[in-house]
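# Per-entry structural report
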Amino acid sequence: MHVLQSETLRQLLKYLQERLPRTYKLYSIVRAIDQGKWDGLDICVDTWPNPDMVITRKQPGHEHGAGMYLHAEYHYYIEPNSKIHSNNVGKTMFEEICDWNAIAVFRGNVGSPRTVSILRDIAAKKGGRVEEQVQLTYNEKLLPDDSVLQRPTLPDGFYVTSLEERDVDFVCNTCAYFQEGHTSREYVRRAINAFPSIVVRDAKGDVVCYEFTHVFGTGSAYTAPEYRRQNWSSFFYKHLGIKRQKNGYLPRQGELVSLDKSQFYSKGFAAKGGKLPPKCENHLVATFRPYSKSNL
């Protein structure tokens, strides 16, 4: 196993870019580290310069890392059809890099049918279980030029700006992805300071709706109930997607979408006839829960 140094990150970015969209979250994290916008994470590979497996880990002694929650998160990429599992290298990396004494979430491409079974085997050995969920990732549509976006009509006194540190508590209280606690609040603070965001404020300066960018490149949004169904979120989605492209987090000319397979069908995202979008990629979200923890 090798921990990559800063001078090799540009080469890794090229490697990950050639494998989009299956690498998009990991690509965005490495991009943020390379630009000096995020710290606290190591990028580990099985071998260099032609890795079969890339995975993040929290740097020893660093408090925050990339996690949204109060548990650890590991973003990885496994080269399809590689021998990373048949030679036990992948299993060894998962065992050595990850903290198996606490709740952990693994996010990455499926890579191999054996990935889930290997995580389950390690979990059983460590005294816990793994719950897996498959997400779909695809380019939804081409993003238009910012100049041709149809901006929503705002009430008098309302204005568009970016999120600020004073908005951290509001975001933590309204974004469904966050739990209370120092780690998640610190993550929000770092994210809105480092990455593109957009917010509508009323005449008093209070937040009406917002969207901000995660370290792994996609966004989270909120609109106050009384202002929903006015196409504001659609504008934000496209506007912030263009911002992310300009900042290098979406090198292709389309915004990436990630959702659960169940959401794809139950919430009307499926194309006519129930067909999946072209170039759709499966992503794995696997959560390890040790039996010794009370919050199972």
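What counts as what
Residues numbered from 1 in each chain as written. Predicted model: local features only at pLDDT ≥ 70, side-chain atom pairs only at ≥ 80, totals over all residues. Heavy atoms only, no water. Helix = DSSP H or I, 4+ residues; strand = E, 2+ residues; numbered from the N terminus. Buried < 20%, exposed > 50% of the residue type's maximum accessible area, 1.4 Å probe, protein only. Areas by Shrake-Rupley, 256 points an atom, 1.4 Å probe, with all protein chains shown as cover. Pairing = 2+ DSSP bridges. Axes fitted to C-alpha atoms, helices over the stretch in contact; angles between N-to-C directions. Parallel < 35°, antiparallel > 145°, perpendicular 65-115°, else oblique. Left-handed = near helix turned anticlockwise from the far one by under 90°. Contact = heavy atoms within 4.5 Å. Nonpolar A, V, L, I, M, F, W, Y, C, P; charged D, E, K, R; others polar. Phe/Tyr/Trp six-rings, centres within 6.5 Å; stacked < 30°, edge-to-face > 60°. Arc of directions from axis to C-beta.

Of the regular secondary structure elements, the chain holds 8 helices and 12 strands. The proportion of buried residues among the 296 residues of the chain is 49%. Element-wise, carbon and sulfur atoms account for 45% of the exposed surface of the chain, whose accessible area totals about 14,600 Å².

This next bit is on the pairing of strand β2 (residues 41–45). When you tally the buried positions in β2, you get 5 out of 5 residues, the bulk of the element. Alternating residues of β2 divide into L41, I43 and V45 and D42 and C44, and every residue in both groups is buried. Across 5 bridges, β2 lies against strand β3 (residues 53–58) in antiparallel orientation. Across the sheet, residue C44 finds its bridge partner in β3, namely I55.

It is at 10 Å that the axes of helix α3 (residues 89–97) and helix α4 (residues 114–126) come closest, and there the two elements cross at 45°. Put simply, α3 runs oblique to α4. Of the two elements, α3 crosses α4, and the hand of that crossing is right-handed. Packed against α3, whose contacting residues are K91, F94 and E95, the element α4 presents I118, L119, I122 and K125 at the interface. In terms of residue class, the contact of α3 with α4 is made up of 4 nonpolar, no polar and 3 charged.

Turning our attention to the pairing of β3. Looking along a regular strand, one sees side chains alternate from face to face of the sheet. Within β3, 5 of the 6 residues are buried, which leaves the element mostly enclosed by the surrounding structure. Strand direction decides the pairing type here: β3 and strand β4 (residues 72–78), joined by 3 bridges, are antiparallel. Among the inter-strand pairings, I55 is bridged to a residue of β4, identified as Y76.

This paragraph deals with the environment of V30. Along the chain, the position of V30 falls in helix α2 (residues 24–34). Linking V30 and L12, residues 18 residues apart in sequence, is a C-alpha distance of 8.1 Å. In contact with V30, not counting residues within four places along its chain, are L9, L12, L13, L16 and I43.

Let's shift gears to α2. With 9 of 11 residues buried, α2 is to be regarded as a mostly interior element. Note on α2: the residue one or two positions beyond its end, G36, has a positive phi of about 75°.

What follows is about the packing of aromatic side chains. Going through the model one piece at a time under the given rule, you end up with 13 aromatic pairs. The interplanar angle of 20° and the centroid separation of 5.3 Å between the aromatic rings of Y74 and F106 together place this pair among those described as stacked. With Y74 in strand β4 and F106 in strand β5 (residues 104–109), the pair connects residues that are 32 residues apart, well separated along the chain. According to the relative accessible area criterion, Y74 is buried, its value standing at 5%. Ring geometry for Y76 and F94: centres 5.7 Å apart, planes at 85°, overall edge-to-face.

Listed as buried for α3 are G90, M93, F94 and I97. Seen from one end, α3 has its buried residues packed into an arc of 95°, which puts them on one side. Along its buried surface, α3 packs onto β2, β3, β4, β5 and α4.

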